[in-house]
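# Report on the structure
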Amino acid sequence: MSVELVVDHVSKSFGGLQAVRDCSVRVEAGSITGLIGPNGAGKSTLFNIVAGAVQPDAGSVRFGGEELVGLSAAERFKRGLLRTFQIAKPFHSMSALENLMAAPGPQRGEGLLSAWLEPGRVARDEEALRARARETLEFLGLDHVRHERAGLLSGGQKKLLELGRTIMADARFVLLDEVAAGVNRTLLNSLADRIEELNKERGVTFFLIEHDIGFVSRLCQPVVVMAQGAVLKIGAPADVRRDPEVVEAYFGGAAPEETSA
Ligand SMILES: Nc1ncnc2c1ncn2[C@@H]1O[C@H](COP(=O)(O)OP(=O)(O)OP(=O)(O)O)[C@@H](O)[C@H]1O
Ligand SMILES: [Mg+2]
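Below, the structure is looked at part by part. (Residues numbered from 1 in each chain as written. Chains lettered and ligands numbered in written order. Predicted model: local features only at pLDDT ≥ 70, side-chain atom pairs only at ≥ 80, totals over all residues. Heavy atoms only, no water.)

Turning next to the sheet that holds strand E2 (residues 17-28). Strands sit in the order E2-E1-E4-E5 across an open sheet of 4 strands; the sheet is antiparallel. The sheet is open, and its two edges are formed by E2 and strand E5 (66-67), each paired on a single side. With 2 bridges connecting them, strand E4 (residues 58-63) and E5 associate as antiparallel partners. Residue pairing for E5: Phe63 is matched across the bridge by Glu66. Here helix H1 (residues 43-51) sits on the sheet in contact with strand E1 (3-14), E2 and E4, set at roughly 115° to E1. (Pairing = 2+ DSSP bridges. Helix = DSSP H or I, 4+ residues; strand = E, 2+ residues; numbered from the N terminus. Contact = heavy atoms within 4.5 Å. Axes fitted to C-alpha atoms, helices over the stretch in contact; angles between N-to-C directions.)

Next up, the structure:
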């Protein structure tokens, strides 16, 4: 397996607070790599640095061998790198279907000029886009709520819709920030199934933050543990869960919480 993402000695401070300290992590192409750690450990900040929302103070982030630091989030997106947010941000007044149709699509290099020269083709594109959005909703088990306003969907359904945006974009590397949070047990299993399917059948690499250790154990290999801004351990889920330093980092002695079967 080749290494797709290399986070190399990355640090970031906000004022006097060092949110990320000298972190080095590698994500193999084709893996589902987990990122866990107590609240405030620096997980989302690390994701923000990889996605281009936050500039690191030091260190390098390479994707497919190319340096990302200095590239905008849009430029990273063009390279197939996409993140979802800890708090899902759908367009609330638009339907689930419209949300997916409005999601940034794969880069096709077509502009307004072709829309003006070939209006018939635009109509066909719109139909193709709608069909793709419907397919994606079916894949996620959300087809029955396609005309529902996104703002009225449950927390879990919003999270599934976020995953749908990454599918519409044909992203090859997806950062999922707490995609399972607030998702009920039934949806959680289907979410895990969908992630596995996208990974195995479409070759999508996932780097995912999740507090639910059952979800992480089922999907992720390896698991990276962060605490107080630093990488504490990297290993198989069963090993990091039992690691005394990891257990200590969570609640000073209790094991990471298990909320799913
Ligand atoms: N933009 C910011 N400005 C100032 N401080 C920030 C900013 N972003 C994060 N922090 C701080 O950096 C630390 C790490 O936050 P981060 O959100 O990365 O943690 P996390 O591991 O994702 O936590 P959680 O599990 O609660 O989501 C926290 O102390 C947080 O308050
Ligand atoms: Mg976070």
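Structure's up, so let's keep going.
Along the chain, Lys158 turns up in helix H6 (residues 155-168). For Lys158, a relative accessible area of 19% corresponds to the buried category. C-alpha separation for the pair Lys158 and Pro90, spaced 68 residues apart in sequence, amounts to 7.1 Å. (Buried < 20%, exposed > 50% of the residue type's maximum accessible area, 1.4 Å probe, protein only.)

Turning our attention to the sheet that holds strand E6 (residues 81-83). The strand order across the open sheet built from 6 strands is E6-E7-E8-E3-E9-E10, with neighbouring strands paired in mixed fashion. Edge strands, defined here as strands with exactly one partner in the open sheet, are E6 and strand E10 (230-235). Neighbour to neighbour, the strand axes of the sheet diverge by 15° on average, direction disregarded. Bridging between strand E9 (residues 223-227) and E10 involves 5 bridges; their strand directions are antiparallel. Each bridged residue has a counterpart across the sheet, and for Val225 the counterpart in E10 is Lys233. Strand contacts of H1: strand E3 (32-36), E6, strand E7 (173-177), strand E8 (205-209) and E9, with the helix running at about 150° to E7, the strand carrying the most contacts. Contacts from helix H7 (residues 185-202) reach E3, E7 and E8 within the one sheet, and its direction differs from that of E8 by about 150°.

What follows concerns unusual backbone geometry. At the junction of Gln221 and Pro222, the peptide bond is cis and its omega measures out at 0° in the coordinates. As for its position among the elements, Pro222 is in the loop between helix H8 (213-219) and E9. A positive phi angle is found at Glu178, which is not glycine, with a value near 50°. In this fold, Glu178 is placed in the loop between E7 and H7.

Next up on the list: the pairing of E4. Bridge count for E1 against E4 is 5 bridges, and the pairing is antiparallel. In the sheet register, Val7 faces E4, and the bridge partner there is Val61. Between E4 and E5, which pair antiparallel and follow one another directly, the connecting turn spans 2 residues, one of which, Gly64, has a positive phi of 55°.

Time to look at the side chain of Asp177. Mapped onto the elements of the fold, Asp177 is located in strand E7. At 2.7 Å, the side chain of Asp177 and the side chain of Ser44 are in polar contact. (Polar contact = N/O pair within 3.5 Å; in protein donor to acceptor, adjacent residues only side chain to side chain.)

For the rest of this paragraph, the subject is the packing of aromatic side chains. Under the counting rule described, the total for this entry stands at 2 aromatic pairs. Where Phe47 meets Phe207, the ring centres are 5.0 Å apart and the plane angle is 50°; that geometry is what we call tilted. You can see Phe47 sitting in helix H1 and its partner Phe207 sitting in strand E8, a full 160 residues away along the chain. In this pair, the class of Phe47 matches that of Phe207, namely buried. (Phe/Tyr/Trp six-rings, centres within 6.5 Å; stacked < 30°, edge-to-face > 60°.)

This part covers H1. Burial of H1 is extensive: 8 of the 9 residues sit out of reach of the surface. Regarding H1, the residues found buried are Lys43, Thr45, Leu46, Phe47, Asn48, Ile49, Val50 and Ala51. Phi turns positive one or two residues past the end of H1, at Gly52, with a value near 100°.

On to the packing of H6 against H7. Where H6 meets H7, the closest approach of the two axes is 10 Å, and the angle between their N-to-C directions is 10°. The angle between H6 and H7 places the two elements in the roughly parallel class. Only Leu187, Leu191, Arg194, Ile195, Leu198 and Arg202 of H7 make contact with H6, whose side of the interface consists of Gly156, Gln157, Leu160, Leu163 and Ile167. A class-by-class count of the residues in the contact of H6 with H7 yields 7 nonpolar, 2 polar and 2 charged. (Parallel < 35°, antiparallel > 145°, perpendicular 65-115°, else oblique. Nonpolar A, V, L, I, M, F, W, Y, C, P; charged D, E, K, R; others polar.)

So, on to H7. Spanning 18 residues, H7 covers 25 Å between terminal C-alpha atoms, matching the ideal 26 Å at 1.5 Å per step. Looking at H7, one finds that the buried residues are Leu187, Leu188, Ser190, Leu191, Ala192, Arg194, Ile195, Leu198 and Asn199. Positive phi appears at Gly203, one or two residues downstream of H7, with a value of about 70°. (Expected span 1.5 Å × (residues − 1).)

By themselves, these are just geometric observations and shouldn't be taken as functional.
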